[in-house]
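# Understanding the architecture of this molecule
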Amino acid sequence: MRLSAICGDYDVIVIGAGISVGTIARELSRYDLKTAVLERASDIPYGSSRANSSMIHGGFDDKPGTQKARFCPVGNRIYHDLHEELDFKFKKCGSFVCAIGPDEEKHLEMLLGQGKANGVPGIEIISGDTLRAREPNVSCEITAALWSPSGSIVNNFEASLAFIENARQNGVDLFMETEVTGVLFSEDGSHVRGVSTRRGDFTSRVVINASGVNADKISRMAGDDSFIIHPTKGEYFIFDRRVGDIVTSFFFSCPSDKGKGVTVTSTADDNLLIGPTSVHQADREERATTRPGLEEVFEGALRLIPNIPRSMAITTFSGVRANSKSGDFHINALSRPRGFVNVAAIKSPGFTSAPAIAVHVANMLKETMGDLVKFSPNTKFVPERRHIPRFADMSMEEKERIAKTDPKWGQIVCRCESVTEAQVVEAIRRGARTLAGIKLWVRPTTGRCQGGFCSPRVVEILARELGVSPLDITRHGDDSYMLTGATKAPLLPGEPL
Ligand SMILES: Cc1cc2nc3c(=O)[nH]c(=O)nc-3n(C[C@H](O)[C@H](O)[C@H](O)COP(=O)(O)OP(=O)(O)OC[C@H]3O[C@@H](n4cnc5c(N)ncnc54)[C@H](O)[C@@H]3O)c2cc1C
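Residues numbered from 1 in each chain as written. Predicted model: local features only at pLDDT ≥ 70, side-chain atom pairs only at ≥ 80, totals over all residues.

## Comments concerning the overall build of the chain
This is how it is decided: Each helix is a run of H or I in the DSSP string that is no shorter than four residues. Each strand is a run of E no shorter than two, and both are numbered from the N terminus. Each radius of gyration is computed over the set of C-alpha atoms, and the globule rule expresses the reference value as 2.2 Å times the number of residues to the power 0.38. Remark: C-beta atoms are placed from the backbone, and a residue is labelled buried if 20 or more other C-beta atoms sit within 10 Å of its own, exposed if 12 or fewer do, or partly exposed between those counts.
Each helix and strand in the chain was counted, giving 12 helices and 22 strands. A compact globule built from 497 residues would reach a C-alpha radius of gyration of about 23 Å, and the chain, at 23 Å, matches this within 12%. Each principal axis of the C-alpha atoms in the chain carries an extent, and together these give about 65 × 60 × 45 Å. Out of the 497 residues belonging to the chain, those deemed buried represent 51%.

## Some remarks on the environment of Asn332
As for its position among the elements, Asn332 is in strand S19 (residues 330-333). Remark: the alpha-carbon pair of Asn332 and Ile208, spanning 124 residues in sequence, is separated by 9.9 Å.

## Overview of the sheet that holds strand S8 (residues 152-154)
Using the following cut-off: Between any two strands, pairing holds if DSSP finds at least two bridges.
Spatial ordering of the open sheet is given by S3-S8-S4, a layout of three strands whose pairing is antiparallel. Two strands in the sheet have a free side with no partner beyond their single neighbour: strand S3 (55-56) and strand S4 (90-91). As paired strands, S3 and S8 are joined by two bridges and run antiparallel to one another. Across the sheet, Met55 pairs through a bridge with Ile153, a residue of S8.

## Considering the site of the ligand
We count it as follows: Throughout this description, a residue near a molecule or strand is one whose C-beta atom, derived from the backbone, lies within 6 Å of it. We call Asp, Glu, Lys and Arg charged. Ala, Val, Leu, Ile, Met, Phe, Trp, Tyr, Cys and Pro are nonpolar, and the rest, Gly among them, are polar. A domain assignment, automatic or from a database, supplies the domain bounds used here.
Of all residues adjacent to the ligand, which total 40 residues, the nearest are Gly16, Gly18, Gly47, Gly212 and Gly350. Within the residue set of the shell around the ligand, elements represented by two or more residues are helix H1 (19-28), strand S18 (313-323) and helix H8 (350-368). Its residues placed into classes, the shell around the ligand shows 17 nonpolar, 18 polar and five charged. Of the domains in this structure, domain 1 (1-89 + 154-228 + 324-387) and domain 2 (90-153 + 230-322) are the two that each give at least three residues to the shell around the ligand.

## Here we look at the packing of helix H2 (residues 67-86) against H8
The condition is simple: Whenever a helix is involved, its axis is fitted only over the stretch in contact; in every case the axis is a line through C-alpha atoms, and angles between N-to-C directions fall within 0 to 180 degrees. Working definition: roughly parallel below 35 degrees, roughly antiparallel above 145 degrees, roughly perpendicular at 65 to 115 degrees, and oblique for all remaining angles. Two residues form a contact once the distance between their C-beta atoms, set from the backbone, is within 7 Å.
Between H2 and H8, whose axes approach to 6 Å, the crossing angle comes to 90 degrees. In this view, H2 runs roughly perpendicular relative to H8, as classed from their interaxial angle. Taken together, the residues of H8 that come into contact with H2 (itself represented by Lys68, Phe71, Cys72, Val74, Gly75, Asn76, Ile78, Tyr79 and Leu82) are Thr352, Ser353, Ala354, Pro355, Ala356 and Ile357. A breakdown of the residues in the contact of H2 with H8 according to their chemical character gives 10 nonpolar, four polar and one charged.

## Side note on the packing of helix H10 (residues 421-429) against helix H11 (residues 435-442)
Defined as follows: Each helix crossing is assigned a hand: it is left-handed if the near helix lies turned anticlockwise from the far helix by less than a right angle, otherwise right-handed if that turn is clockwise.
Viewed as axis vectors pointing N to C, H10 and H11 meet at an angle of 110 degrees, and their least axial separation amounts to 9 Å. On the basis of the axis angle, H10 is roughly perpendicular to H11. Handedness of the H10/H11 crossing: right-handed. Taken together, the residues of H11 that come into contact with H10 (itself represented by Gln423, Val424 and Ala427) are Ile438, Trp441 and Val442. Looking at the contact of H10 with H11 residue by residue, the classes come out as five nonpolar, one polar and no charged.

## Some points on the pairing of strand S1 (residues 6-15)
Burial within S1 is extensive, with seven of its 10 residues counted as buried. Pairing between S1 and strand S12 (residues 200-209): eight bridges, direction parallel. Along S12, the bridge assignment pairs Asp9 with Thr203.

## Focus on the domain arrangement of the chain
Taken domain by domain, the chain consists of domain 1 (1-89 + 154-228 + 324-387), domain 2 (90-153 + 230-322) and domain 3 (391-472). With centres defined by C-alpha atoms, the gap from domain 1 to domain 2 works out at 29 Å. Of the residues lining the interface, 33 residues belong to domain 1; the matching set on domain 2 comes to 31 residues. Sorting the residues of the side of domain 1 that touches domain 2 by element identifies S3 and H2 as the ones contributing at least two each. The dominant element in the side of domain 1 that touches domain 2, judged by the number of residues it contributes, is H2, at five residues. Considering only residue class, the side of domain 1 that touches domain 2 consists of 15 nonpolar, 13 polar and five charged.

## A short note on unusual backbone geometry
Residues other than glycine predominantly adopt negative phi, and peptide bonds predominantly adopt the trans conformation. Of note, the bond from Ile44 into Pro45 is cis; its omega dihedral lies within 30 degrees of zero at -10 degrees. Of note, Pro45 is situated in the loop between strand S2 (35-38) and S3. A cis geometry characterises the amide bond from Gly275 onward to Pro276, with omega recorded as -5 degrees. Following the sequence through the fold, Pro276 ends up in the loop between strand S16 (272-275) and strand S17 (279-280). Of note, the phi angle at Ala345 is positive, near 55 degrees, even though the residue is not glycine. Structurally, Ala345 is set in the loop between strand S20 (340-344) and H8. On the basis of neighbour count, Ala345 is assigned to the buried category, with 27 C-beta atoms found within 10 Å. Positioned with a positive phi, Thr445 is a non-glycine residue whose angle comes to about 80 degrees.

What follows is the structure in structure tokens.
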């Protein structure tokens, strides 16, 4: 076994800090285990957990018998139970799959059958007119729709942060900017002994690989080449909140010869979101949006909701799916080396399924690896955690009351999203280190001006709170520096804005 500097010895090491790892780490924190999460990025969430449709799917879209069909409806129920306990935004909006004409209506019948077989509650097919009575902006071309009342929308940033933060409160260690570069084995190669990273080695008895688009690379480091990840990009438009109420539910198209079909929804923060495309690409990291991709999205969305005003679009983004050839999740424990577990190819509905997968993985470890790590309950486990108070959602009385507790609550940093200095400071206290990190916690830069007004102020606060120069502040880690030189004297530590 080759060892360089040992950064820590753990029972379980979990690679990646997306929703899969957040939920697994929280589940493992119910036990008296020493667990570490290793994440290569500077902010959480980073991979596909950061850029997706944020739909908590009902579970009708997957063939009965697949892992997706097994975990999705259970994950959906767990989100309904957990969002208050972990305090992340969650909208119980229901979803519609919309059909235009008899061929697409046949597709709805197929989904209805699948949904019933998968145990999805309350699904039914309704007429186009019934749909329009509930959602007046829907196209008059739509002839029928599959209604799934358990479909919901989550704030994916808040949910990802909530699981991992609660895991940390319960004893899990999180190492950011810690890229895994190799897997360590016992002398005879029969057992895993940890991982090597750019910081040094971390030893452990169990390694769980949930590294998104890189999961096949890391599994190969453990000697397993049984699957390959095929990255697929999905592009989106996001619109001003002023048109967020054009729909109240989540809308899917039926797949057609033009593609899988785009979706239209109002996000957990009431922005209108349309997308995604589905385009294979060789590059696992490439996330630029493209003119053809965005045209496809807009055209597809207009088939569902014809009066979407393009001028109200505020930005575009894309996410990269981790597909495998089978199309299903790839969750297994290797027989050699023992102790190595893949939670891979977690494409959609992976966000929905994550809490159910986490319970499955914890049970699998308990049942098959009890000789490697001891599972006794963590008697200090605390299931609740609170998000940073959301100033924008407070009543005027609440705003006045909280501003009296600390003047930073009265200092608006981001006008578009009504974010205060106190929220930014609290996000830094809880671990945000970059402009993107602050955005993921409390939303500055996500409004109409896209950071034109608030970015410099957030940079100043980051520099002041971290005791560094504003020149050292990055957008998202590495060398993504925000500033090239000072135009004004920087704030001194503790100096008010
Ligand atoms: C366009 C799109 C739309 C989607 N829509 C939905 C939806 O509406 N509903 C739904 O349920 N699901 C949806 N999904 C799927 C969902 O986003 C994913 O299933 C889920 O986010 C996967 O989470 P994860 O934690 O497995 O992976 P990720 O979130 O990708 O996390 C993997 C992490 O591993 C880290 N990492 C990678 N390599 C290393 C390394 N060498 N060392 C350390 N860390 C490493 C990455 O930085 C990353 O943080 C969508 C996905 C996409 C792309």
